[in-house]
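Geometric and topological summary
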Amino acid sequence: MPEKVAKNLNPFTNNYQKTLVGEYMANNKVVAVDEFKDARTQYLTDLVENEGVSARAKKLIIAKVNELEDRDYKVIGYGSLLNSSDVYRTSPNLVRHEVGFLDGWTRIFNMGSANTGSYLNVRPSNRKSMIVAILTVPALDMFSLIEREINYRMLTVKVRDEVGKTMDALMVVGYKAHTTYNLIPQANYLHLCMNGAGKLGGKRGIDNFIDSTETCFGTLKEFLQTPLEQVYRAQV
């Protein structure tokens, strides 16, 4: 009997190694959860003390951040998040940025104000699939992403990857209070989005972006073909 016990406790046996690995993983899991909770607490504390954020925004952010779990999140990018360079500004620990296909929605420039121009939103549509980015975002980076998209609510929708695998992902949809339908796209933002569509999907990415996006001048293709003088006169 003693020999059997000694054999099982031998550091070079599989059983002993598996026990150590199991304990190590269990301990690390606890640490990871604690780190996430500590980071969330610190973020929310800093947010509350930030006088540059409105009370309404703080309330929305706090509610969304408190719902987060310590895991990676799939997030759909259809505007500036198409551009991986811009994504890293908000999610420096981004795990993955890949091509996806979204059915039942179309892009529309209807978020913003007269001071800013319009930014992208989405609305239900029967048009062909949109090429989007599927982001894999760690929980700690979701704090900043939620703050970045404060004027949008988050929905869970189905999206397909390049090989046709369907998965759930979060997508932002603008709050009605921030929508407007008579403003032209903000120029730098439009360039950022189209550049991202090209880097993500090449020519098909740009073509799809142009074909699946609406503006106050009709489709984005029609807007791009409209003389600038006519565009700006329409804003007066």
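A brief structural summary.

1. Focus: the overall build of the protein chain
- The helix and strand inventory of the protein chain stands at 8 helices and 9 strands.
- For the protein chain, buried positions account for 42% of its 236 residues.
- Sequence-distant contacts, at least 24 apart, represent 70% of the contacts inside the protein chain between residues at least 6 apart.
- Surface exposure of the protein chain reaches about 13600 Å², of which carbon and sulfur atoms provide 54%.

2. Topic: the sheet that holds strand β8 (residues 213–215)
- Spatial strand order, β4-β3-β8-β9: 4 strands in an open sheet with mixed pairing. Every interior strand has two partners, whereas the edge strands, β4 (117–124) and β9 (218–219), have only one.
- Contacts from helix α6 (residues 187–211) reach β3 (105–113), β4 and β8, with the element oriented near 40° to β4.

3. What to know about the side chain of T180
- On the secondary structure map, T180 appears in the loop between β7 (166–174) and α6.
- Excluding residues that lie within four positions of it along the chain, T180 makes contacts with F109, N110, M111 and G112.

4. A closer look at the packing of aromatic side chains
- With the rule as written, the count across this model stands at 5 aromatic pairs.
- Through successive ring pairs, a cluster of aromatic residues spans F36, Y43 and F143.
- Over the face of the ring belonging to Y175 we find R56, whose NZ or CZ atom lies 6.0 Å from the ring centre.
- Above the ring of Y73, the side-chain terminus of R71 is found at 3.9 Å from the ring centroid.

5. Here we look at the packing of helix α3 (residues 55–66) against helix α5 (residues 139–148)
- Relative to each other, α3 and α5 sit at 145°, their axes nearing to 10 Å. Seen along the crossing, α3 lies across α5 with a hand that is right-handed. Judged by residue contacts, I61, K64 and V65 of α3 engage F143, I146 and E147 from α5.

6. So, the side chain of N110
- If you trace the backbone, N110 turns up in strand β3.
- Look at N110 and you get buried, because its relative accessible area is 3%.
- Here N121 takes part through its side chain, which lies 3.2 Å from a polar atom of the side chain of N110.
- In this structure N110 touches S118, Y119, N121, H178, T179, T180 and Y181, once residues within four positions along its chain are discounted.

7. Remarks on the pairing of β4
- Bridge count between β3 and β4: 8 bridges; the pairing is antiparallel. By the bridge assignment, T106 is partnered in β4 with R123.
- Between β3 and β4, which pair antiparallel one after the other, the connecting turn spans 3 residues.

8. Regarding the pairing of strand β2 (residues 96–102)
- Where β2 lies against strand β5 (residues 130–137), 7 bridges are found, and the strand directions are antiparallel. Within β5, the residue paired with H97 across the bridge is L135.
- Here 2 bridges tie β2 to strand β6 (residues 152–161), and the two strands are oriented antiparallel to one another. From the neighbouring strand, G100 faces β6, where its bridge partner is D161.

Conventions we followed
- Residues numbered from 1 in each chain as written.
- Predicted model: local features only at pLDDT ≥ 70, side-chain atom pairs only at ≥ 80, totals over all residues.
- Heavy atoms only, no water.
- Helix = DSSP H or I, 4+ residues; strand = E, 2+ residues; numbered from the N terminus.
- Buried < 20%, exposed > 50% of the residue type's maximum accessible area, 1.4 Å probe, protein only.
- Contact = heavy atoms within 4.5 Å.
- Areas by Shrake-Rupley, 256 points an atom, 1.4 Å probe, with all protein chains shown as cover.
- Pairing = 2+ DSSP bridges.
- Axes fitted to C-alpha atoms, helices over the stretch in contact; angles between N-to-C directions.
- Phe/Tyr/Trp six-rings, centres within 6.5 Å; stacked < 30°, edge-to-face > 60°.
- Lys NZ or Arg CZ within 6 Å of the ring centre and 35° of its normal.
- Left-handed = near helix turned anticlockwise from the far one by under 90°.
- Polar contact = N/O pair within 3.5 Å; in protein donor to acceptor, adjacent residues only side chain to side chain.

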